[in-house]
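Summary of structural features
Below, each chain spelled out in residue letters.
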Amino acid sequence: DGGITQSPKYLFRKEGQNVTLSCEQNLNHDAMYWYRQDPGQGLRLIYYSQIVNDFQKGDIAEGYSVSREKKESFPLTVTSAQKNPTAFYLCASSSAFPETQYFGPGTRLLVL
Amino acid sequence: SQQGEEDPQALSIQEGENATMNCSYKTSINNLQWYRQNSGRGLVHLILIRSNEREKHSGRLRVTLDTSKKSSSLLITASRAADTASYFCATDEAGNNRKLIWGLGTSLAVNP
């Protein structure tokens, strides 16, 4: 099955801890994206990558980091510098910009 | 920054009725997309309409685009309870730095 997967579904972060959210796609897409969604809100772009080994900051990159070492994978690390990390995180991919984006099921991050 | 603005913010209708949602944007675009999000899930792409198109259909969905008014509408005909979801529009600014701009969404409730 082709698609985009995210893990874990729920993630709990302790104070001062870095956590990493996984995003994998087997759609052979060049572009990948990370979004943050807060309750009742639209999507805000954290980081995006158009090609392997290259990525750009989105609108709310502070406190987050990413890597793109493989075409299939685009992990997001929420660092301790992100003071309000509780949110629903969505990963997406597309064959090119600005074509259709395919979304994963999301990871809900909660702070203990 | 949010370019797309959907209205209404919330819509409640009876099964079988039509639902219309609107999206307004501020700058010139290459295309406009509509997505659906069921509660707690990832987004699903519905329709992409390009700036040189005025209307597009997909099953029970009809999307119109008026570039002179910088607005789009999504019509769902003969709604079903399964259409209950949030609907988002997303635009790309012509010549921008390759990211979609998302609206805050319309929450649609279809009552059986």
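Predicted model only: the values in this text are computed from it and were never measured.

Digging into the overall build of chain A
Along chain A, the regular secondary structure elements total 0 helices and 11 strands. Listing the helices and strands of chain A from first to last along the sequence gives β-β-β-β-β-β-β-β-β-β-β. Its C-alpha atoms give chain A a radius of gyration of 13 Å, within 12% of the compact-globule value 13 Å for 112 residues. In terms of its C-alpha atoms, chain A occupies a principal-axis envelope of roughly 35 × 25 × 25 Å. Relative to its 112 residues, chain A shows a buried fraction of 50%. In chain A, the proportion of contacts linking residues at least 24 apart, taken out of those at least 6 apart, comes to 53%. Of the roughly 5,300 Å² that chain A leaves accessible, carbon and sulfur atoms contribute 48%. The distance from the centre of the 11 positive side-chain charges to the centre of the 11 negative ones in chain A is 8 Å.

Re the nonpolar core
One finds M21, L32, W34, L74, I76, Y87 and L108 of chain B to be the most contacted residues of the largest nonpolar core, which totals 21 residues. Of all the secondary-structure elements, those providing two or more residues to this core are β3 (19-24), β4 (29-37), β5 (43-50), β7 (61-66), β8 (71-76), β9 (85-93) and β11 (106-111) of chain B. Setting aside residues no more than four positions away along its own chain, L74 of chain B makes contact with A19, T20, M21, W34, L46, L61, R62, V63 and Y87 of chain B. Counting 20 residues, the second-largest nonpolar core is a separate cluster that includes I4, W34, V78 and Y89 of chain A.

Here we look at the state of the cysteines
Residue and element names in this part refer to chain A. This model, assessed by the stated rule, comprises 2 disulfides over all chains. C23 shares a disulfide with C91; S-S distance 1.9 Å. Its S-S torsion of approximately -75° makes the covalent link between C23 and C91 left-handed. Linking C23 in strand β3 (residues 19-25) with C91 in strand β9 (residues 87-94), this pair joins segments that are 68 residues apart in sequence.

Digging into the interface of chain A and chain B
Each side of the interface is counted separately: chain A has 22 residues, and chain B has 23 residues. In total, about 1,800 Å² of surface goes out of reach between chain A and chain B, with carbon and sulfur atoms giving 51% of it. Of all residues in chain A, L43, F97 and P98 of chain A give up the largest surface area on contact with chain B, accounting jointly for 28% of the area buried on that side. Connecting chain A to chain B are 1 salt bridge. Between E99 of chain A and R50 of chain B there is a salt bridge, and its shortest N-O distance comes to 3.1 Å. If you look at where chain A meets chain B, you find 5 residue pairs in polar contact (both at pLDDT 80 or more). When contributions to the side of chain A that touches chain B are tallied by element, the ones reaching two or more residues are β4 (31-37), β5 (43-51) and β9 of chain A. Among the elements that line the side of chain A that touches chain B, the one with the most residues is β5 of chain A, at 5 residues. Class assignment of the residues belonging to the side of chain A that touches chain B gives a composition of 10 nonpolar, 8 polar and 4 charged.

Observations concerning the sheet that holds β3 of chain A
Residue and element names in this part refer to chain A. Overall, antiparallel pairing links the 4 strands, which are arranged β1-β3-β8-β7 in an open sheet. The sheet terminates laterally at β1 (4-7) and β7 (64-66), the two strands that pair on one side only. Taking each pair of neighbouring strands and ignoring which way they run, the sheet shows an average axis angle of 20°.

Re the sheet that holds strand β6 (residues 55-58) of chain B
Residues and elements named next belong to chain B. With antiparallel pairing, the 5 strands of this open sheet are ordered in space as β1-β3-β8-β7-β6. Each edge of the open sheet carries a strand with a single partner, namely β1 (5-7) and β6. On average, adjacent strands in this sheet sit at an angle of 15° to one another, irrespective of strand direction. Direction of pairing for β6 relative to β7: antiparallel, over a ladder of 4 bridges. In the strand pairing of β7, S58 is matched with L61.

Regarding the environment of R36 of chain B
Residues and elements named next belong to chain B. Positionally, R36 belongs in strand β4. Of the residues examined, R36 reaches a relative accessible area of 23% and is grouped as partly exposed. Residues R36 and C89, 53 residues apart in the sequence, show an inter-C-alpha distance of 8.9 Å. For R36, the residues in contact, after removing those within four places along its chain, are G42, L43, V44, L46, A85, S86 and Y87. A polar side-chain atom of R36 sits 3.3 Å from a polar atom in the side chain of N38.

What counts and how
Residues numbered from 1 in each chain as written. Chains lettered and ligands numbered in written order. Predicted model: local features only at pLDDT ≥ 70, side-chain atom pairs only at ≥ 80, totals over all residues. Heavy atoms only, no water. Helix = DSSP H or I, 4+ residues; strand = E, 2+ residues; numbered from the N terminus. Rg over C-alpha atoms; globule rule 2.2 N^0.38 Å. Buried < 20%, exposed > 50% of the residue type's maximum accessible area, 1.4 Å probe, protein only. Contact = heavy atoms within 4.5 Å. Areas by Shrake-Rupley, 256 points an atom, 1.4 Å probe, with all protein chains shown as cover. Lys, Arg positive; Asp, Glu negative; His and termini not counted. Charge placed at Lys NZ, Arg CZ, Asp CG, Glu CD. Core = buried A, V, L, I, M, F, W, Y, C linked by side-chain atoms within 4.5 Å. Disulfide = S-S within 2.5 Å. Buried area = accessible area lost by both parts, 1.4 Å probe. Salt bridge = Lys/Arg side-chain N within 4 Å of Asp/Glu carboxyl O. Polar contact = N/O pair within 3.5 Å; in protein donor to acceptor, adjacent residues only side chain to side chain. Nonpolar A, V, L, I, M, F, W, Y, C, P; charged D, E, K, R; others polar. Pairing = 2+ DSSP bridges. Axes fitted to C-alpha atoms, helices over the stretch in contact; angles between N-to-C directions.

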